[in-house]
Amino acid sequence: MHQKSIHKNYIWNMIFQLLTVLTPLVTAPYVARTLQPEGVGTFSFVNSVASYFVLVANLGTTTYAQREISYVQEDIEKRSDAFWNVFFLRFATSAVTIAAYFVFSFFSEFKLLFCILSINIISVIFDISWFYQGIEDFGTIMRKNVFFRILIVLSIFVFVHHESDLPIYCLILCLGTLTANMSQWMRLSTLIQKPDFAQVRPFSDIRTVLSLFIPTIAIQVYTILDKTMIGLFSGVGAENGYYEEAMKFARLTQTLVTSLSTVMIPRIGSCFAQEKLEEVKEYLYKSYQYVWAVAIPMSFGLIGISDNLVPWFLGPDYAKVSLLLKILALLLISIGINTITGNEYLIPTNRQNLYTKTVLLGAAVNVCFNALLIPSLMSMGAAIASVLAETVIEVYQLYLVKHELSIREILQRSSKYICAGVVMLIVLRIENSYFAPSPLYTACMIITGVVIYGCSLLVLKDKFVIDHIKVGLKIQK
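Just so it is clear, the model here is predicted, and its values are computed rather than measured.

**What to know about the pattern of salt bridges**
For step 1, the next point in the chain: The tally for this structure, following the rule as stated, stands at five salt bridges.
For step 2, the next point in the chain: Across the pair Asp307 and Lys326 runs a salt bridge, and its minimum N-O distance is 2.5 Å. Placement of the pair is Asp307 in helix α12 (residues 277-314) and Lys326 in helix α13 (residues 320-328), with a sequence separation of 19 residues.
For step 3, the next point in the chain: Taken together, the shared-partner salt bridges connect Asp307, Lys326 and Arg429 into one network.

**What about the confidence of the model for the protein chain?**
For step 1, the next point in the chain: Of the residues in the protein chain, 86% reach a pLDDT of 70 or more, and the chain-wide mean stands at 81.
For step 2, the next point in the chain: By mean pLDDT, helix α1 (residues 6-26) is the weakest element of the protein chain at 63, and helix α18 (residues 415-434) is the strongest at 91.

**Section: the packing of aromatic side chains**
For step 1, the next point in the chain: As enumerated under the stated definition, the model contains 21 aromatic pairs in all.
For step 2, the next point in the chain: With centroids separated by 6.3 Å and ring planes inclined at 5 degrees, the aromatic side chains of Phe83 and Phe87 adopt a geometry described as stacked. Taken as a pair, Phe83 and Phe87 lie in helix α4 (residues 76-106) at a separation of four residues, close to a single helical turn. With respect to class, Phe83 is no different from Phe87; both count as buried.

**Structural notes on the nonpolar core**
For step 1, the next point in the chain: By size, the foremost hydrophobic cluster in this structure holds 122 residues, and its most contacted members are Phe83, Phe131, Leu314 and Tyr417.
For step 2, the next point in the chain: Here this core takes 20 residues from α12, the largest share from any one element.
For step 3, the next point in the chain: Among residues more than four places away in sequence, those in contact with Phe83 are Ile69, Ile128, Trp130, Phe131, Trp185, Leu188 and Ile192.

**Concerning a negative patch on the surface**
For step 1, the next point in the chain: A cluster of acidic residues, Asp75, Glu77, Asp81 and Asp196, forms a negative patch on the protein surface.
For step 2, the next point in the chain: Within the secondary structure, Asp75 is located in the loop between α3 (61-71) and α4.
For step 3, the next point in the chain: Since its relative accessible area comes to 31%, Asp75 is described here as partly exposed.

**A short note on the packing of helix α14 (residues 331-346) against helix α16 (residues 379-400)**
For step 1, the next point in the chain: Contact pair α14 / α16: the axes reach a minimum separation of 9 Å and the direction vectors enclose 35 degrees. As for the relative orientation of α14 and α16, their crossing is left-handed in sense. When α14 is examined against α16, the residues Leu331, Ser334, Ile335, Ile337, Asn338, Thr341 and Gly342 are found in contact with a partner set consisting of Ser386, Val387, Glu390, Thr391, Ile393, Glu394, Gln397 and Leu398.
For step 2, the next point in the chain: Of the residues assigned to the contact of α14 with α16, the class counts are six nonpolar, seven polar and two charged.

**A short note on the packing of α12 against α18**
For step 1, the next point in the chain: As a packed pair, α12 and α18 sit with axes 9 Å apart at the nearest point and diverge in direction by 10 degrees. It follows from the interaxial angle that α12 and α18 lie roughly parallel. The chirality of how α12 crosses α18 is right-handed. In this structure, α12 uses Gln289, Trp292, Ala293, Ile296, Pro297, Phe300, Gly301, Ile303, Gly304, Ile305, Asp307 and Asn308 to contact α18, whose residues at the interface are Tyr417, Ile418, Gly421, Val422, Met424, Leu425, Leu428, Arg429 and Asn432.

**Brief notes about helix α15 (residues 352-377)**
The α-helix advances 3.6 residues per turn, and as a result positions three or four apart in sequence lie on the same side.
For step 1, the next point in the chain: In a regular helix each residue adds 1.5 Å, so 26 residues correspond to 38 Å; α15 covers 35 Å between its end C-alpha atoms and thus fits that length.
For step 2, the next point in the chain: At Asn370, α15 is bent by approximately 35 degrees, the largest bend along its length.
For step 3, the next point in the chain: With its phi angle positive at about 55 degrees, Met378 sits one or two positions after the end of α15.

**Remarks on the side chain of Asn308**
For step 1, the next point in the chain: Note that Asn308 resides in helix α12.
For step 2, the next point in the chain: Take Asn308: its relative accessible area is 0%, and that puts it in the buried class.
For step 3, the next point in the chain: Here the side chain of Asn308 touches Phe435 through a polar contact of 3.4 Å, landing on its backbone oxygen.
For step 4, the next point in the chain: Not counting the four nearest positions on each side in its chain, Asn308 is found in contact with Asn432, Phe435, Ala436, Pro437, Ser438, Tyr441, Thr442 and Met445.

**A short note on the side chain of Ser322**
For step 1, the next point in the chain: Tracing the chain through its elements places Ser322 in helix α13.
For step 2, the next point in the chain: Under the relative-accessibility criterion, Ser322 is labelled buried at 8%.
For step 3, the next point in the chain: Here Ser306 takes part through its backbone oxygen, which lies 3.4 Å from a polar atom of the side chain of Ser322.
For step 4, the next point in the chain: In contact with Ser322, not counting residues within four places along its chain, are Ser306, Asp307, Val310 and Pro311.

Here is what the cut-offs are and how they apply
Residues numbered from 1 in each chain as written. Predicted model: local features only at pLDDT ≥ 70, side-chain atom pairs only at ≥ 80, totals over all residues. Heavy atoms only, no water. Salt bridge = Lys/Arg side-chain N within 4 Å of Asp/Glu carboxyl O. Helix = DSSP H or I, 4+ residues; strand = E, 2+ residues; numbered from the N terminus. pLDDT = per-residue confidence, 0-100. Phe/Tyr/Trp six-rings, centres within 6.5 Å; stacked < 30°, edge-to-face > 60°. Buried < 20%, exposed > 50% of the residue type's maximum accessible area, 1.4 Å probe, protein only. Core = buried A, V, L, I, M, F, W, Y, C linked by side-chain atoms within 4.5 Å. Contact = heavy atoms within 4.5 Å. Patch = residues over 30% accessible without salt bridge, like charges linked within 9 Å, V, L, I, M, F, W, Y side chains within 5 Å. Areas by Shrake-Rupley, 256 points an atom, 1.4 Å probe, with all protein chains shown as cover. Lys, Arg positive; Asp, Glu negative; His and termini not counted. Charge placed at Lys NZ, Arg CZ, Asp CG, Glu CD. Axes fitted to C-alpha atoms, helices over the stretch in contact; angles between N-to-C directions. Left-handed = near helix turned anticlockwise from the far one by under 90°. Nonpolar A, V, L, I, M, F, W, Y, C, P; charged D, E, K, R; others polar. Parallel < 35°, antiparallel > 145°, perpendicular 65-115°, else oblique. Expected span 1.5 Å × (residues − 1). Bend = angle between axes of the 7 residues up to and from the residue. Polar contact = N/O pair within 3.5 Å; in protein donor to acceptor, adjacent residues only side chain to side chain.

What follows is the structure, encoded as structure tokens:
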């Protein structure tokens, strides 16, 4: 297989990730008003609980599978063996998880919703996006999903009209995911061989899989447990609804920040397998600079436009989301750096144990601050706890790699972006004091922010941005 273009893969992956996040975001104004904060909060709580079972069904195989496929992406026999080992392992874990899930849901007051969400566990079996990521074929993932994402959006507008339609909303989301995953199998026969059952060993590397499952569990602590704890302390309702809507915006911008890292993981894994260590470092430094260049304006931009965006986008019942967005915006920088150091460097270089330590530390910080802050601050407490947890992980991971990577060089690459971001934020806050909330004014603020940030970097003669503008112009030609 010939080596894929990082720029093209980045664009494909970013489109795919944006589609995944934009599906709930595009429908957010309609769903927020139709289901009301209580309905959105109920879905958020129930989905957070069901997500624990999806997590067990995955059993840490996504990261493991992508890495293993990247190691042997040029050898069809080894690639096929790696694929079938992972597939049958996911099949086994999903079957056991579904049985346990139905026992649990039988005793819940939300039996119907939990029953519908069981489709997400079945979807784990058919999800083979990890294979295409491992062979650096991100175009296939995007093309197979775009139709189903559009279908999900249209179905929500057609079939969800009342607060009582919450089960229909859940069913649309789950079936959309399942059919999109199943469509990924259409091209698979040209990329792998049929399984040789004498060679299939799904549990042969279970120790490594479990070692990657531990950080996956820990990550879920501060991506799902916060919603569960909000529901337990405040009751299933509005507070979870506020947090859910704020996280949708945060996830959208986070997608732009982390898309490159998803593309770089198989490339770095392949370089590491070939012992091209200097090339690995070069890719990492470029990734860090990309995160600074994208995460800082995204973070400052959310803080700047949130007061103008939320009132017209979600409605007056969601005023608290503006405050939550200002806090969660800070996640973008920490998550971006963590994705590079942890997912892009430690895992592909077979040091998942170090990665696990950092994530467990972050999970412990998150749980402690959730317990301290959620009872009094509710959703705002969960937002603060998430930011603190990611910041702790960021600092600890950089400390662990200080003898291999230059921390000074990593941090120095952020200076110009911070200066440009501060200038942009000041202008946005001035505009906010004059502009009433409306789609037109929000669009004007976004355009203003992009122009000011870009012009500031050109004035500062940022070579990274100038070089990528040149690359973009070449691709366009």
